[in-house]
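Architecture at a glance
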Amino acid sequence: ALVGEGFLCERYCLFFSCSIGMAKSKFEYVRNFETDDTCLKNCYIVVRLDGRNFHKLSELHKFLKPNDDRALGLMTRCARSVMEDMDDIIISYGQSDEYSFIFKRSSNWFKRRASKLMTHVVSQFSSSYVFYWKEYFGDQPLLYPPGFDGRVVLYPSNRNLRDYLSWRQADCHINNLYNTVFWTLVQRGGLTTTQAEDRLKGTLAADKNEIMFSEFDINYNNEPLVHRKGTALIWEKMEETVTKRVKLPNEDEKEVPVTRFRRRVSACHCDIIGDQFWEEHPDILEDDNC
């Protein structure tokens, strides 16, 4: 019986191995249906993510209006986590519930596959949002899992990339100016949200500034830069000096200072539309003649 069982077991193992081999060769053709989504070379790869239905999330978690610094800080912490995980990202820019991550033109992360880059950025950001929630909201519980959608866009030149980032910062200014005057009318002016919306219909930026200044003594230019300009995350080289014990020939060990450079992610709340920012950080962009 034992011999018979061993024989059957051997036959079963041979059959199973053979079946796996046949199955692999038989069904592997389905890979031909995959779409080649390799990003064009010599282009900056931009992955932009947006919060999914964040209006609901902000209402349920009682985010402060017009800006909740806890929520903005959490978004930036998540973006920092993404950059620290993927050091080919040369700059990221965020405002409200969105963040854009720019990969250098020479990046070969995931062989430049758009789907891989996008899903990795979105998943890292989403998990970080849950992981770091308590650091910014304390004992306030996160009531349901937040979601983010993403997209990939390629920009071939430095001018194109700068115009993209300028577009996002201009959008930050437009939205924040509207939200600031809107919630001022509601919270300090006693209007309902519908009345405030009607009041602002057809108004230009100058009109909104005038409402805040003449009626509420608010100078919009004095509002926090993080609200008006958004947040740009860049890499900065930090010099640090450490003490190291070394042994020199014919001498005892002694401590000597050693200077080294480390990179860290730094936040900037400033204008990135003009030239000054780019002149102060010339290492961000690659040569257009590459």
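Definitions and cut-offs
Residues numbered from 1 in each chain as written. Predicted model: local features only at pLDDT ≥ 70, side-chain atom pairs only at ≥ 80, totals over all residues. Heavy atoms only, no water. UniProt positions renumbered as here; feature names shortened; annotations may be inferred. Helix = DSSP H or I, 4+ residues; strand = E, 2+ residues; numbered from the N terminus. Rg over C-alpha atoms; globule rule 2.2 N^0.38 Å. Buried < 20%, exposed > 50% of the residue type's maximum accessible area, 1.4 Å probe, protein only. Contact = heavy atoms within 4.5 Å. Lys, Arg positive; Asp, Glu negative; His and termini not counted. Charge placed at Lys NZ, Arg CZ, Asp CG, Glu CD. Phe/Tyr/Trp six-rings, centres within 6.5 Å; stacked < 30°, edge-to-face > 60°. Polar contact = N/O pair within 3.5 Å; in protein donor to acceptor, adjacent residues only side chain to side chain. Patch = residues over 30% accessible without salt bridge, like charges linked within 9 Å, V, L, I, M, F, W, Y side chains within 5 Å. Areas by Shrake-Rupley, 256 points an atom, 1.4 Å probe, with all protein chains shown as cover. Salt bridge = Lys/Arg side-chain N within 4 Å of Asp/Glu carboxyl O. Pairing = 2+ DSSP bridges.

The name an unreviewed UniProt entry assigns to the protein is tRNA(His) guanylyltransferase, from the organism Esox lucius. Regarding the protein, the relevant UniProt record gives this comment under Catalytic activity (unreviewed entry): "a 5'-end ribonucleotide-tRNA(His) + GTP + ATP + H2O = a 5'-end phospho-guanosine-ribonucleotide-tRNA(His) + AMP + 2 diphosphate + H(+)". Taken directly from UniProt, the Subunit (unreviewed entry) text for the protein runs: "Homotetramer. Interacts with MFN1 and MFN2; functions as a guanyl-nucleotide exchange factor/GEF for MFN2 and also probably MFN1."

1. Looking at the overall build of the protein
What the protein contains, in helices and strands, is 10 helices and six strands. In terms of C-alpha radius of gyration, the protein reaches 27 Å, well past the compact-globule figure of 19 Å for 290 residues. Within the protein, the proportion of its 290 residues that are buried is 36%. At a minimum sequence separation of 6, the contacts of the protein that also span at least 24 residues come to 71%. Positive and negative side-chain charges in the protein, numbering 39 and 43 respectively, have mean positions lying 5 Å apart.

2. Brief notes about the packing of aromatic side chains
Within this structure, the stated rule accounts for 18 aromatic pairs. Centroid distance Phe63 to Phe137: 5.4 Å. Interplanar angle 20°. Geometry classified as stacked. Placement of Phe63 in the loop between helix 2 (54-60) and helix 3 (69-85) and of Phe137 in helix 5 (residues 133-137) is noted, with a sequence separation of 74 residues between them. The residues Phe63 and Phe137 share a single accessibility class, namely buried. Ring centres of Tyr178 and Phe182 lie 5.9 Å apart, and the angle between their planes is 20°; this geometry places the pair in the stacked category. Of this pair, Tyr178 and Phe182 both sit in helix 6 (residues 158-187), four residues apart, which is roughly one turn of the helix. Judged by its relative accessible area of 28%, Tyr178 is partly exposed. Judged by its relative accessible area of 10%, Phe182 is buried. An aromatic cluster of three or more residues is present, and its members are Phe54, Phe63, Tyr99, Phe101, Phe125, Tyr129, Trp133, Phe137 and Phe148.

3. So, the side chain of Thr180
Examined against the element boundaries, Thr180 turns out to sit in helix 6. At 2.6 Å, the side chain of Thr180 and the backbone oxygen of Asn176 are in polar contact. Residues in contact with Thr180, not counting those within four places in the same chain, are Pro66, Met212, Tyr220 and Glu223.

4. Brief notes about a nonpolar patch on the surface
Together, Phe27, Tyr29, Val30 and Phe33 make up a nonpolar patch on the protein surface, roughly 470 Å² of accessible area in all. Among the structural elements, Phe33 can be located in the loop between helix 1 (2-27) and strand 1 (44-51). The class of Phe33 is exposed, set by a relative accessible area of 66%.

5. Details of unusual backbone geometry
Note the cis peptide between Lys65 and Pro66, where omega equals 0°. Looking at the secondary structure, you find Pro66 in the loop between helix 2 and helix 3. Although it is not a glycine, Asn53 sits at a positive phi angle of roughly 55°. Structurally, Asn53 is set in the loop between strand 1 and helix 2. The phi dihedral of Asp217 falls on the positive side, at around 55°, and the residue is not glycine. Secondary-structure assignment places Asp217 in the loop between helix 8 (205-216) and helix 9 (225-229).

6. Description of the pairing of strand 2 (residues 89-95)
Taken across its seven residues, strand 2 has seven buried, putting it largely inside the fold. As judged from the six bridges shared by strand 2 and strand 3 (residues 98-103), these two strands associate in the antiparallel manner. The partner of Ile91 across the bridge, within strand 3, is Ile102. Count of turn residues in the strand 2/strand 3 antiparallel hairpin: two residues, of which Ser96 carries a positive phi of about 55°. Taken together, the four bridges between strand 2 and strand 5 (residues 231-247) define a ladder with antiparallel strand orientation. Of the residues in strand 5, the one forming a bridge with Ile91 is Ile234.

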